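Spelled out from the first residue to the last, the chains are:
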Amino acid sequence: MNKMLLSGCLLLGCLGVASAQQNYFDQWPAGDSPQEVGKALSEHFVTSPHQYTKTIHYSEVCAWYGALQFAELTHDDALRQELIKRFDPLMPGGAEADRIPKRHHVDDQIFGVVPMEIAIQTKDQKYLDFGKSFADEQWNHPSADGMSDETRYWIDDMYMLTMLQLEAYRATGDKKYLDRDAHEMVAYLDKLQQPNGLFFHAPDVQFYWGRGDGWVAAGMAEMLRSLPENHPDRARIMKGYRLMMSGLLKYQGKDGMWRQLIDKDDAWPETSSSAMFSFAMITGVKHGWLDAATYGPAARKSWIAVVGYVDQNHDVTQVCEGTGKKNDLEYYYQRKRRTGDFHGQAPVLWAADALLRDK
């Protein structure tokens, strides 16, 4: 980057402006552009079978959200209609209504993100009403301190739980959803973030599992995109976000990837976490939350590295399988590597979306 340009941008406090990003987030190697990768993975998602469980799994919800956002950002009405067509059988009374998740649990309630994203894009009330019912149920019986009774202090929840309430806010403009969300995020930050900026999988499982920390990074970046500058919890969340991004920089491999266990050099490079960290850093640079000269190259390197793990079928390889918490280091080392798992397809789409956004 031109040193005078960067210096001027720093003086003006405009790290997020387009001129500070151009050398990091454009001029991609052949086949690596977010337009190409996002289109290929979105089209592949439309025809992919469901995974993991009889009801819709949260990882599929996350991929659906990423593909819908891609359709919106690229003004691809045909893709959007295909994604809605895939969802319509899952509406109440639809042919696949038995696949609607039913548990009062963060992994099931996040299903509401898909109909709310469809509602945001189409303004169709039936999708809004259906999606909002999940967000409202999540706070039917809050604790005395205002937390959802689905709160369990696994780091996964810093995306799973918060994303549902965030989409409810985006779809309705009702500040109660945003306030719930921010309150929950602050509680998790206060309880779980370590001095190095990273997060153990849970208070009783003290390992830095890659995708677990990825959920946190993505959840904070998504929330900060929508949280007003004057919101009382914004400064605390921004502090936690920046501390985490700084911590992650120290563990990025020379290949651009992060490991299945973030702080273990002998752990295998893992795509879902690397894509989530890339998404969080791209978003931070574009908004000016992070120093472009420091984080732009790291995010670019990660994106190119992750895209290198997308195979000829548009399946993301080397994705850690679905993982519960377990206080056993070897358990995390031995997690299986999967290909085409929605846990990996989703964050690659999010990163493509982040690259396509102005902010």
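One can find the structure itself at the top, above this paragraph.
Below, the structure is looked at part by part. (Residues numbered from 1 in each chain as written. Predicted model: local features only at pLDDT ≥ 70, side-chain atom pairs only at ≥ 80, totals over all residues. Heavy atoms only, no water.)

## Let's talk about the state of the cysteines
Linking two cysteines covalently via their sulfur atoms produces the bond known as a disulfide.
And then number 1: In total, this model carries zero disulfides according to the counting rule given.
And then number 2: Cysteine Cys62 remains unbridged, with the sulfur of Cys320 as its closest cysteine sulfur at 15 Å. (Disulfide = S-S within 2.5 Å.)

## Things to note about the packing of aromatic side chains
And then number 1: All told, the structure shown has 22 aromatic pairs when counted by the stated rule.
And then number 2: Between Phe207 and Tyr332, the ring centres sit 5.6 Å apart and the planes meet at 55°, which makes this aromatic pair tilted. One end of the pair, Phe207, is in the loop between helix H9 (175-192) and helix H10 (210-226); the other, Tyr332, is in helix H14 (residues 329-333), with 125 residues separating them in the sequence.
And then number 3: Taking the relative accessible area as the measure of exposure, Phe207 reaches 17% and is therefore buried.
And then number 4: Judged by relative accessible area, Tyr332 falls into the buried class, the value being 0%. (Phe/Tyr/Trp six-rings, centres within 6.5 Å; stacked < 30°, edge-to-face > 60°. Helix = DSSP H or I, 4+ residues; strand = E, 2+ residues; numbered from the N terminus. Buried < 20%, exposed > 50% of the residue type's maximum accessible area, 1.4 Å probe, protein only.)

## Some thoughts on the side chain of Asp157
And then number 1: By the element assignment, Asp157 lies in helix H8 (residues 157-172).
And then number 2: A polar contact of 2.7 Å, which involves the side chain of Asp157, links it to the side chain of Tyr188.
And then number 3: With near-sequence residues (within four places) excluded, Asp157 lies in contact with Val106, Glu150, Arg152, Thr162 and Tyr188. (Polar contact = N/O pair within 3.5 Å; in protein donor to acceptor, adjacent residues only side chain to side chain. Contact = heavy atoms within 4.5 Å.)

## Here's the deal with the pattern of salt bridges
And then number 1: Considering all chains together, one arrives at 22 salt bridges under this definition.
And then number 2: Among the ionic pairs, Lys39 bridges to Glu43, the shortest N-O distance being 2.9 Å. Within this pair, Lys39 and its partner Glu43 are both found in helix H2 (residues 34-46), separated by four residues, close to a single helical turn.
And then number 3: What makes Lys39 partly exposed here is its relative accessible area of 32%.
And then number 4: Assessed through its relative accessible area of 34%, Glu43 is described here as partly exposed.
And then number 5: Here Lys39 makes a salt bridge to Asp76, at a shortest N to O gap of 2.6 Å. Highlighted residues: Lys39 in helix H2 and Asp76 in the loop between helix H3 (58-73) and helix H4 (77-87), separated in sequence by 37 residues.
And then number 6: What makes Asp76 buried here is its relative accessible area of 13%.
And then number 7: Because the salt bridges share partners, they merge into one network encompassing Glu167, Arg170, Glu222 and Arg225. (Salt bridge = Lys/Arg side-chain N within 4 Å of Asp/Glu carboxyl O.)

## Structural notes on the packing of helix H11 (residues 234-249) against helix H13 (residues 292-307)
And then number 1: At a minimum axis separation of 11 Å, H11 and H13 run at an interaxial angle of 60°. By the angle between their directions, the pair H11 and H13 is classed as oblique. For the crossing formed where H11 meets H13, the hand is left-handed. Side by side, H11 and H13 meet where Arg242, Met245, Ser246 and Leu249 of the first sit next to Thr294, Tyr295 and Ala298 of the second.
And then number 2: Of the residues belonging to the contact of H11 with H13, the class tally is four nonpolar, two polar and one charged. (Axes fitted to C-alpha atoms, helices over the stretch in contact; angles between N-to-C directions. Parallel < 35°, antiparallel > 145°, perpendicular 65-115°, else oblique. Left-handed = near helix turned anticlockwise from the far one by under 90°. Nonpolar A, V, L, I, M, F, W, Y, C, P; charged D, E, K, R; others polar.)

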